[in-house]
Amino acid sequence: VQLQASGGGLVQAGGSLRLSCAASSRRTFSIYAMAWFRQAPGKEREFVSAISPNGLRTDYTDSVKGRFIISRDSAKNTVYLQMNSLKPEDTAVYYCAADVLCTPWSMGNYDYEYWGQGTQVTVSS
């Protein structure tokens, strides 16, 4: 599967952005667990959020719970990350990832096989 992330940009603290990740694959989109990760300058990449193949289970890192919402649209082969109440510490390059074998209960701690290019999110204070 090929993943194309978009939607990043510059926003003031308290603002919102919606990231999109479009998937293209010979296999049906609905078999993939999808996730978002981020990497800030000088820091390791960290898990942000994930959604199960059927969309029924989601997972978030504690720092974004209540502010970010992950969703998927199988008709458009796209996963979204709605980011609200953004903080300067959310500044990072955001990456989407996909995997067929990832189970719904391990989405937050899994070595995803497929990765898209990053999209920069910058939150000014």
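As shown above, the structure is provided for reference.
The text that follows walks through the structure, step by step, so that each part is easy to find.

Each value, and the rule that gives it
Residues numbered from 1 in each chain as written. Predicted model: local features only at pLDDT ≥ 70, side-chain atom pairs only at ≥ 80, totals over all residues. Heavy atoms only, no water. Pairing = 2+ DSSP bridges. Helix = DSSP H or I, 4+ residues; strand = E, 2+ residues; numbered from the N terminus. Axes fitted to C-alpha atoms, helices over the stretch in contact; angles between N-to-C directions. Core = buried A, V, L, I, M, F, W, Y, C linked by side-chain atoms within 4.5 Å. Buried < 20%, exposed > 50% of the residue type's maximum accessible area, 1.4 Å probe, protein only. Disulfide = S-S within 2.5 Å. Phe/Tyr/Trp six-rings, centres within 6.5 Å; stacked < 30°, edge-to-face > 60°. Lys NZ or Arg CZ within 6 Å of the ring centre and 35° of its normal. Salt bridge = Lys/Arg side-chain N within 4 Å of Asp/Glu carboxyl O.

With respect to the sheet that holds strand E7 (residues 68–73)
- Taken together, four strands build an open sheet; the order of strands is E1-E3-E8-E7 and the sheet is antiparallel. Two strands in the sheet have a free side with no partner beyond their single neighbour: strand E1 (2–6) and E7. With strand direction ignored, the average angle separating the axes of adjacent strands in the sheet is 15°.
- Sheet topology note: the strand E3 (residues 17–24)/strand E8 (residues 78–83) ladder contains six bridges and is antiparallel. Its bridge partner being in E8, alanine 22 is matched across the sheet by threonine 78.

A word on the nonpolar core
- Residues Met34, Trp36, Phe68, Leu81, Met83 and Tyr94 are the most contacted members of the largest nonpolar core, which totals 27 residues.
- Taken together, the elements giving at least two residues each to this core come down to E1, E3, strand E4 (33–39), strand E5 (46–51), E7, E8, strand E9 (92–99) and strand E11 (119–124).
- Phe37, Ala50, Cys102 and Tyr112 belong to the second largest nonpolar core, which has nine residues in total.

Digging into the state of the cysteines
- The tally for this structure, following the rule as stated, stands at one disulfide.
- Covalently, cysteine 21 is tied to cysteine 96 through a disulfide, its sulfur atoms 2.1 Å apart. Between cysteine 21 and cysteine 96, the disulfide has an S-S torsion of 60° and is therefore right-handed. Highlighted residues: cysteine 21 in strand E3 and cysteine 96 in strand E9, separated in sequence by 75 residues.
- Distance from the sulfur of cysteine 102, which forms no disulfide, to the nearest cysteine sulfur (cysteine 96) is 14 Å.
- For cysteine 102, a relative accessible area of 4% puts it in the buried group.

Remarks on the packing of aromatic side chains
- Under the definition given, this model contains five aromatic pairs.
- Between phenylalanine 37 and tyrosine 112, the aromatic rings sit 5.6 Å apart at their centres with planes inclined by 75°, giving edge-to-face as the arrangement. Of this pair, phenylalanine 37 sits in strand E4 while tyrosine 112 sits in the loop between E9 and strand E10 (114–115), and the two are 75 residues apart along the sequence.
- According to the relative accessible area criterion, tyrosine 112 is buried, its value standing at 2%.
- Within the aromatic cluster, the residues linked to one another by ring pairs are Phe37, Phe47, Tyr110, Tyr112 and Trp115.
- Across the ring face of tryptophan 115, the terminal group of arginine 45 is positioned such that the distance to the ring centre comes to 3.9 Å.
- A cation sits over an aromatic face here: arginine 72 above phenylalanine 29, 4.4 Å from the ring centre.

Things to note about the pattern of salt bridges
- Under the criterion given, the structure shown has four salt bridges.
- Notably, a salt bridge pairs arginine 38 with aspartate 90, separated by 3.0 Å at the nearest N-O pair. In this pair, arginine 38 is assigned in strand E4 and aspartate 90 in the loop between E8 and E9, connecting sequence segments 52 residues apart. Across the pair, aspartate 90 and arginine 38 agree in class, each one buried.
- One salt bridge connects lysine 65 with aspartate 62, and the closest N-O pair in it is separated by 3.0 Å.
- The network of salt bridges with shared partners includes Arg38, Glu46, Arg67 and Asp90.

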